[in-house]
Each structure stands twice: as C-alpha cells, then as structure tokens.
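Survey of secondary and tertiary structure
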There are 2 protein chains.
Amino acid sequence: MEHREKIRIIDVGPRDGFQNVKPLIDTQTKLFIIEGLYQSGIRTMEVTSFVSPKAIPQMADAAEVAKAVIGRYKDLRAIALIPNLKGAQNAWNAGIREAACVISVSEAHNKANINRTVKESLDALEGIREALPDLEVHLDAATAFGCPFAGEVPKEAVLSLIGSAQQLGIRKVTLCDTIGVADPAQVKELLGEVTGRYPGLELTLHFHNTRGMGLANIFAAAEMGIRNFETSVGGLGGCPFAPGADGNTATEDTVHMLEKMGFDTGIDLAKLLGVVEYVDRHIDAPVTGKMLGVTNSACANISGRA
Amino acid sequence: MEHREKIRIIDVGPRDGFQNVKPLIDTQTKLFIIEGLYQSGIRTMEVTSFVSPKAIPQMADAAEVAKAVIGRYKDLRAIALIPNLKGAQNAWNAGIREAACVISVSEAHNKANINRTVKESLDALEGIREALPDLEVHLDAATAFGCPFAGEVPKEAVLSLIGSAQQLGIRKVTLCDTIGVADPAQVKELLGEVTGRYPGLELTLHFHNTRGMGLANIFAAAEMGIRNFETSVGGLGGCPFAPGADGNTATEDTVHMLEKMGFDTGIDLAKLLGVVEYVDRHIDAPVTGKMLGVTNSACANISGRA
C-alpha cells in the first residue's frame with residue numbers, strides 16, 4: 001500500500017458545537033460524544049470553553065468535562081477555549097495544557113464579540129502568557145476572511161495580528177472564516193501571503209459552510225499545503241443564523257472528501273457516522289453534514305474510492 | 001474596472017429539476033420560472049426533456065414549453081434532453097436546435113438507466129445524427145466519476161466514450177457526476193486526461209452536491225480551465241435519494257462563489273434569489289442551495305467581496 005499523507009482533523013463540536021445549542025446538554029451526554037469521537041480516531045479536540053457560565057450556561061461544566069477527558073485519554077490533545085486570564089487559570093487548574101484564545105482580525109468584530117480593541121485583547125493575551133508560561137496558547141484569528149460589520153478584511157491586518165501573536169511566543173495560529181464568506185481563490189491568496197511571511201508558523205484552518213464553500217475551501221487550503229483543519233461533528237455550531245443554514249463544516253464530510261482524495265486522517269468514517277447519528281438523535285440542533293443521509297441511501301455503495 | 005473572465009452557467013432546473021418533482025407542475029409555473037431565470041441573466045438552459053410522457057408524466061408538456069421558450073427568447077440557448085430518435089424528432093418539430101443525449105460511461109448504469117448497452121446507445125445516437133443532421137447534439141456522459149453499481153469508473157472508459165462521440169461529429173461533452181461521488185483531486189486528474197487527449201472538445205461539468213463536494217469540484221474544474229457548468233436553480237433535481245440530501249449543485253451558490261472569485265457569470269444574484277424564493281414556495285421539492293437562507297440572515301451584509 002502506498003504511503004498516504006496525513007491530515008489532522010481537530011473536532012470542535014464539543015466546544016463550538018455544544019456552545020451554540022440552547023437546551024443544556026448533560027455532562028454525561030457530552031462525554032459520551034467525546035468518547036465516540038475518540039473511538040473514531042480523532043486525537044485532537046476542542047473539548048470545552050472556560051467562559052463565564054453566566055455568559056454561556058452550556059459551558060458551566062467546563063472543569064468537569066476537562067478533568068474527565070484528561071483523565072481518560074492519554075493520547076488526546078484536549079484543547080479548551082479561554083476568553084481571559086480567569087478562564088485560563090480555571091483551565092490550567094482543570095488540567096488543560098493547550099488552549100485557544102480568540103482575537104478577531106477585524107476591530108469591529110472584536111469589539112462586538114468581546115468588547116475589547118484588538119490591542120486590549122493582545123495585552124490580555126500577554127497577561128495570560130506571563131501568568132501561565134507553561135500553558136500552550138494558540139491564536140484563533142477570527143474574521144480572517146471577512147467581517148459581518150466591516151465587510152472585507154485586509155490581508156495586512158491578518159499578517160499584523162499573526163506578527164503580534166508571534167511576539168508573544170505563539171507558534172500556532174488558526175485562521176477562522178467566522179461567517180462563512182471565504183472563497184477558495186481568496187483562501188489560496190491569503191495562505192500564500194501568510195506562509196510566505198511566516199514560514200515557521202503551524203497553521204490550522206477553520207471554515208464555515210454557510211454559503212456551501214466549506215469543502216471547496218478545505219480543498220484549496222490542502223492544495224496550499226495546509227494539513228490541520230478544524231471541523232465539527234455533524235456540522236454543529238458555527239454561524240447558523242438562518243433556518244436550514246449550515247454552520248461549521250462537518251467533520252464527517254471533510255473526512256470523507258480527504259480520505260477519498262488519498263489523505264490519511266486516521267479516522268474511521270463508519271464509526272464517526274455512528275456518533276453523528278447519536279448527535280442527530282440526542283442534541284437539539286440540526287446535523288448539516290451530508291454523509292449521514294448518504295449512508296442509508298441508494299448512493300451508499302460508492303462512498304469510497306476503492 | 002478590470003476585465004473579468006467569463007463562465008457560462010447552464011441552468012438545468014427546468015429539465016433535471018422538474019423531472020424529479022412528483023406532483024405535476026403546471027406549464028405556466030414552469031414558464032414563469034424560466035422567465036425568472038432568463039431575467040436573472042441565464043442565457044443557456046435545459047428547458048425540458050422529450051421523454052415518453054408515460055415514463056415521466058412531468059415532461060408531457062415538453063413541446064409546449066419548448067415552443068413557448070423558443071418563441072420568447074431569441075438570445076437563449078434552449079437545450080432539450082432527447083432519449084431516442086422519436087424524442088429527437090419531437091424536439092426538432094417543436095423548434096429545438098440543440099439537444100443533450102445521455103449515455104452512461106458505466107455499462108451497468110446505462111443498462112439500468114435506459115436498458116441498452118453503451119454500444120446500442122451509440123448506435124441510436126448515430127441514427128439521430130443521420131436523421132437530423134442539423135440538430136446539434138451534445139453527449140451527457142453520465143457516471144463519469146463513479147457508478148452506483150460498478151463503483152469506480154476507469155478513466156479509459158470516459159476517454160473511449162468521448163472518442164466514440166467525436167466520431168459521430170459531436171463536439172460538446174458534459175461530464176456528469178451522476179451520483180455526487182467525485183472529489184476535487186479526481187476532477188483535476190480526469191480533466192487533465194480528457195483535455196490532453198481531446199484538446200478541441202468543448203467541455204461542460206455537471207456535479208451533484210450529494211456529499212457536499214459540489215462547489216469544491218466546480219472550483220477544481222475551474223482551476224483546470226473549465227468555463228461551462230451545469231447547475232440547477234435551488235439545487236432541484238439530481239440524486240436526492242435520502243431525506244435532506246442535496247441533489248444538483250445550486251445555481252445560486254455557484255454564481256455566488258464564482259462571482260466572489262472574480263469570474264463574470266453575467267447573472268444577477270439578487271434577481272436569481274427571487275426565483276429561488278418562488279421555487280421554494282411553489283415547487284414541492286426542497287431548496288438545498290444555501291444562499292436563499294443567507295440572504296435574510298445576519299451574515300447577509302457580506303455576501304460579496306466588494
């Protein structure tokens with residue numbers, strides 16, 4: 001068998017997905033889904049968010065989830081979202097050693113999202129780095145491809161935010177298409193600039209499927225050499241403002257496409273679809289990924305290349 | 001303003017879309033939707049199919065639709081599907097001068113679809129060419145990227161079918177991903193072979209969005225120089241075997257992506273979305289395109305690059 005190039009899928013469903021579900025999901029259900037994702041072969045996961053439980057009640061069990069996950073899965077990279085120093089400290093105390101901090105490239109979006117200027121967010125990030133130097137922090141660069149308020153986001157602003165993060169010792173950056181406006185030509189153009197300017201950076205891409213371009217953008221990024229993608233089981237989360245609209249690009253659709261293209265994601269699609277089915281039945285949010293519906297259809301017998 | 005490269009969108013909704021709708025759509029509604037598509041800027045359309053009304057009652061008004069369309073729109077390329085010589089003659093008598101003839105690359109699918117071997121289909125096509133030499137006939141090469149019965153379809157079989165069609169004087173071929181299994185790497189690989197072997201051919205690509213890869217495949221094909229795509233208003237038609245599954249790639253999502261990438265489709269997206277809204281209200285089939293939902297959402301103000 002020929003050598004297949006590896007791609008890492010980071011499932012953000014337990015954080016970004018659950019966070020967007022209104023009815024509270026009990027902790028055991030969350031852990032059951034995380035177990036399913038792990039059994040499917042996912043080895044990097046955003047497991048929870050240490051936000052204020054007043055702001056997002058769904059994440060009130062962050063410490064419990066984090067402790068359980070870290071206790072159970074020794075070879076899982078369990079990432080938590082941290083909004084500020086208090087969240088970072090809580091995450092650290094729960095055993096989290098890898099965290100994601102969101103800063104918007106767009107001033108307007110950063111202000112609306114977390115009521116801070118980008119400079120204030122970077123200062124807060126510096127405070128976290130100083131207080132918890134052993135916590136590995138990634139930058140999630142939100143609205144990297146467009147902003148709901150400001151419209152177009154200049155490439156220079158993306159490069160500048162990455163530069164500021166690097167000065168704080170951050171080596172991993174996720175470029176997020178927060179509202180699903182990126183097109184594949186734009187993806188190639190921006191990635192050309194970013195990898196040219198910051199060749200040592202570990203880049204992850206996070207695309208929403210709001211306008212149906214999620215997989216097109218993942219393909220474009222893969223062609224540019226990107227090997228880390230954040231996706232969400234069932235397509236949970238993201239920016240599903242409209243009824244029937246997609247949010248995140250679904251993990252199962254991404255795995256299917258990349259494996260069919262010849263990449264090795266390390267994920268067992270059949271097992272993953274079992275988790276998607278469970279999510280579809282037990283979580284009060286629509287599964288927008290296509291692969292669950294295809295599995296039981298007349299098209300099912302040709303879902304793989306072989 | 002810079003010169004933008006043109007891409008031709010062929011809307012197949014009035015044929016492939018309506019054909020898959022069970023309740024009969026009255027002719028006036030069909031013509032109203034065709035009018036909307038024309039007003040949106042679409043200048044190439046599959047308007048109907050001259051199949052037996054016993055096989056597909058929805059297409060019983062084929063001659064009426066064709067005559068009305070040809071009478072009204074002088075600058076519209078109105079294409080009809082023809083299954084056999086009788087259909088071709090009926091199409092010709094209704095004024096159709098451009099027709100599509102479907103032959104599957106896969107023997108198994110051709111047999112299941114039209115109960116003929118590929119050789120028998122080519123012989124029938126030859127009969128049509130001889131009887132109606134002034135009818136321009138395109139080949140729709142079905143299952144070019146995979147077959148629901150045979151699985152993988154060898155590239156050689158695609159090349160061979162195109163070669164046979166060329167010997168019958170056919171210059172235009174549409175490669176159809178009949179069941180939505182194509183992945184973008186495969187698209188690039190096959191197109192490299194086809195354009196290398198048949199450089200003079202006018203190629204059109206037709207992708208289904210069954211597994212979410214419709215736009216990814218259109219992007220991949222556009223990168224290979226393809227400038228003709230068949231899509232369907234609202235995503236009607238295609239292979240929607242499962243509830244919630246997508247069929248055809250939606251015209252509105254395709255137009256949005258290509259225009260945002262800088263191509264000129266000649267189509268006014270806002271007007272087109274008016275037609276999609278009408279389809280959503282009046283046609284008993286789900287709109288699977290994303291752009292209609294996005295239009296009224298919080299993400300709407302950034303649907304264009306400018």
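Residues numbered from 1 in each chain as written. Chains lettered and ligands numbered in written order. Predicted model: local features only at pLDDT ≥ 70, side-chain atom pairs only at ≥ 80, totals over all residues. Heavy atoms only, no water.

**Focus on the pattern of salt bridges**
Residues and elements named next belong to chain A. Convention followed: A pair is scored as a salt bridge if a Lys or Arg side-chain nitrogen falls within 4 Å of a carboxyl oxygen belonging to Asp or Glu. Strands here mean DSSP runs of E at least two residues long; helices mean DSSP runs of H or I at least four residues long; both are numbered from the N terminus. Burial here depends on accessible area, computed with a 1.4 Å probe over protein chains only, as a share of the maximum for the residue type. Under 20% is buried, over 50% is exposed, and the range in between is partly exposed.
For the structure on display, the rule yields 36 salt bridges over all chains. The partner of K172 in a salt bridge is E98, and the shortest N-O contact between them spans 3.7 Å. Of this pair, K172 sits in strand β6 (residues 172-177) while E98 sits in strand β4 (residues 98-104), and the two are 74 residues apart along the sequence. Here the two residues K172 and E98 agree in accessibility, since each one is buried. Among the ionic contacts, a cluster of salt bridges with common partners joins R77, E98, E136, R171 and K172.

**Examining the packing of aromatic side chains**
Residue and element names in this part refer to chain B. What counts is decided by this rule: Paired rings are identified among Phe, Tyr and Trp, the last through its six-membered ring, by centres lying within 6.5 Å, and are further divided according to the angle between planes into stacked (under 30 degrees), edge-to-face (over 60) and tilted (the rest).
The full count for this structure, using the stated rule, is 7 aromatic pairs over all chains. Aromatic pair F145 and F207: ring centres 5.7 Å apart, planes at 50°, arrangement tilted. With F145 in the loop between β5 (136-142) and α7 (155-167) and F207 in strand β7 (residues 202-207), this pair connects stretches of sequence that are 62 residues apart. On the basis of relative accessibility, which here comes to 3%, the residue F145 falls in the buried class.

**Concerning the pairing of β4(A)**
Residue and element names in this part refer to chain A. Here is the rule we go by: By convention, orient the strands away from the viewer: a clockwise path from the first strand over the helix to the second makes the crossover right-handed. Between any two strands, at least two bridges found by DSSP are needed for them to pair.
With respect to burial, β4 is a largely interior element, 6 of its 7 residues being buried. Running through helix α4 (residues 85-93), the crossover from strand β3 (residues 77-81) to the neighbouring parallel element β4 is right-handed. The pairing of β4 with strand β5 (residues 136-142) spans 7 bridges and is parallel. Following the sheet pairing, A99 is matched in β5 by V137.

**Considering the sheet that holds strand β1 (residues 8-11) of chain A**
Residue and element names in this part refer to chain A. Test applied: To obtain each axis, a line is fitted to C-alpha atoms, and for helices this fit is confined to the stretch in contact; angles are then taken between N-to-C directions over 0 to 180 degrees. Here a residue-residue contact requires only that any non-hydrogen atoms of the pair lie within 4.5 Å.
As summarised here, the arrangement of the 8 strands in space is β1-β2-β3-β4-β5-β6-β7-β8, forming a closed barrel in which the pairing is parallel. Each strand axis lies, on average, 25° off the axis of its neighbour in the sheet, ignoring direction. Bridge count between β1 and strand β2 (residues 44-49): 2 bridges; the pairing is parallel. Paired with D11 across the two strands is M45, which belongs to β2. Those strands touched by helix α10 (residues 251-260) are β1 and β8 (228-231), and its axis lies near 175° from that of β1.

**Considerations on unusual backbone geometry**
Phi is positive for N115(A), which is not a glycine, with a value near 55°. Take N115(A): it is sitting in the loop between α5 (107-114) and α6 (118-131).

**Here we look at the state of the cysteines**
Residue and element names in this part refer to chain B. What counts here: Sulfur atoms of two cysteines make up a disulfide when they are within 2.5 Å.
Taken as a whole and assessed by the stated rule, the structure comprises 0 disulfides over all chains. Unpaired in terms of disulfides, C101 finds its nearest cysteine sulfur in C176, a separation of 11 Å. The class for C101 is buried, based on a relative accessible area of 5%.

**Topic: the environment of D61(B)**
All names here are of chain B. The following threshold applies: Pairs of N or O atoms are called polar contacts if they sit within 3.5 Å, as long as, within protein, a hydrogen donor faces a hydrogen acceptor (for residues adjacent in sequence, only side-chain-to-side-chain pairs).
Positionally, D61 belongs in the loop between β2 (44-49) and α3 (62-72). For the pair D61 and A270, spaced 209 residues apart in sequence, the C-alpha to C-alpha distance is 30 Å. A distance of 2.7 Å separates a polar atom in the side chain of D61 from a polar atom in the side chain of T27. A distance of 2.9 Å separates a polar atom in the side chain of D61 from a polar atom in the side chain of K30.

**Comments concerning the packing of helix α8 (residues 184-197) of chain A against helix α9 (residues 214-223) of chain A**
Residues and elements named next belong to chain A. For the record, the criterion: If an angle is under 35 degrees, it is roughly parallel; if it is over 145, roughly antiparallel; if it lies from 65 to 115, roughly perpendicular; otherwise it is oblique. In this scheme the handedness of a crossing depends on how the near helix is turned from the far one: anticlockwise by less than a right angle means left-handed, clockwise means right-handed. Under the convention adopted here, Pro, Cys and the residues Ala, Val, Leu, Ile, Met, Phe, Trp and Tyr are nonpolar, Asp, Glu, Lys and Arg are charged, and Gly plus all remaining residues are polar.
α9 packs onto α8 with a crossing angle of 30° between their chain directions and a minimal axis gap of 8 Å. In terms of orientation, α8 and α9 fall into the roughly parallel class. Viewed along their axes, α8 and α9 form a crossing whose handedness is right-handed. Between α8, through P184, V187, K188 and L191, and α9, the contact on the second element is made entirely by A216, N217, A220, A221 and E223. Along the lines of polarity and charge, the residues of the contact of α8 with α9 split into 6 nonpolar, 1 polar and 2 charged.

**A short note on the packing of helix α2 (residues 27-40) of chain B against helix α11 (residues 269-282) of chain B**
Residue and element names in this part refer to chain B. Where α2 contacts α11, the two axes come as close as 8 Å, and the packing angle between them is 160°. Between α2 and α11, the interaxial angle falls into the category roughly antiparallel. α2 and α11 meet at a crossing whose hand is left-handed. Contact with α2, carried on its side by T29, F32, I33, G36, L37, Q39 and S40, involves K271, L272, V275, Y278 and V279 of α11 and no other residues of that element.

**Remarks on the confidence of the model for chain A**
The predicted coordinates should not be examined in detail at positions where pLDDT is low. All names here are of chain A. We count it as follows: pLDDT is defined as a per-residue confidence score from the predictor, taking values between 0 and 100.
The share of residues in chain A with pLDDT of 70 or more is 93%, and the mean pLDDT across the chain is 93. The low-confidence segment residues 298-306, where pLDDT is below 50, has 32 contacts with residues more than four positions distant or belonging to other chains. Our summary of model confidence lists the complex with pTM equal to 0.95 and ipTM equal to 0.93.

**Quick word on the pairing of strand β6 (residues 172-177) of chain B**
Residues and elements named next belong to chain B. Burial within β6 is extensive, with 6 of its 6 residues counted as buried. Here β6 shows two buried faces, one formed by K172, T174 and C176 and the other by V173, L175 and D177. Judged from the 3 bridges that link them, β5 and β6 form a sheet pairing that is parallel. Following the sheet pairing, A141 is matched in β6 by L175. For the handedness criterion, the β-α-β arrangement of β5, α7 and β6 is classed as right-handed. As judged from the 6 bridges shared by β6 and β7, these two strands associate in the parallel manner. Looking at the pairing, D177 lines up with F207 of β7. Handedness of the crossover is the feature at issue here: the chain leaves β6, passes through helix α8 (residues 184-197), returns alongside β7, and the resulting connection is right-handed.

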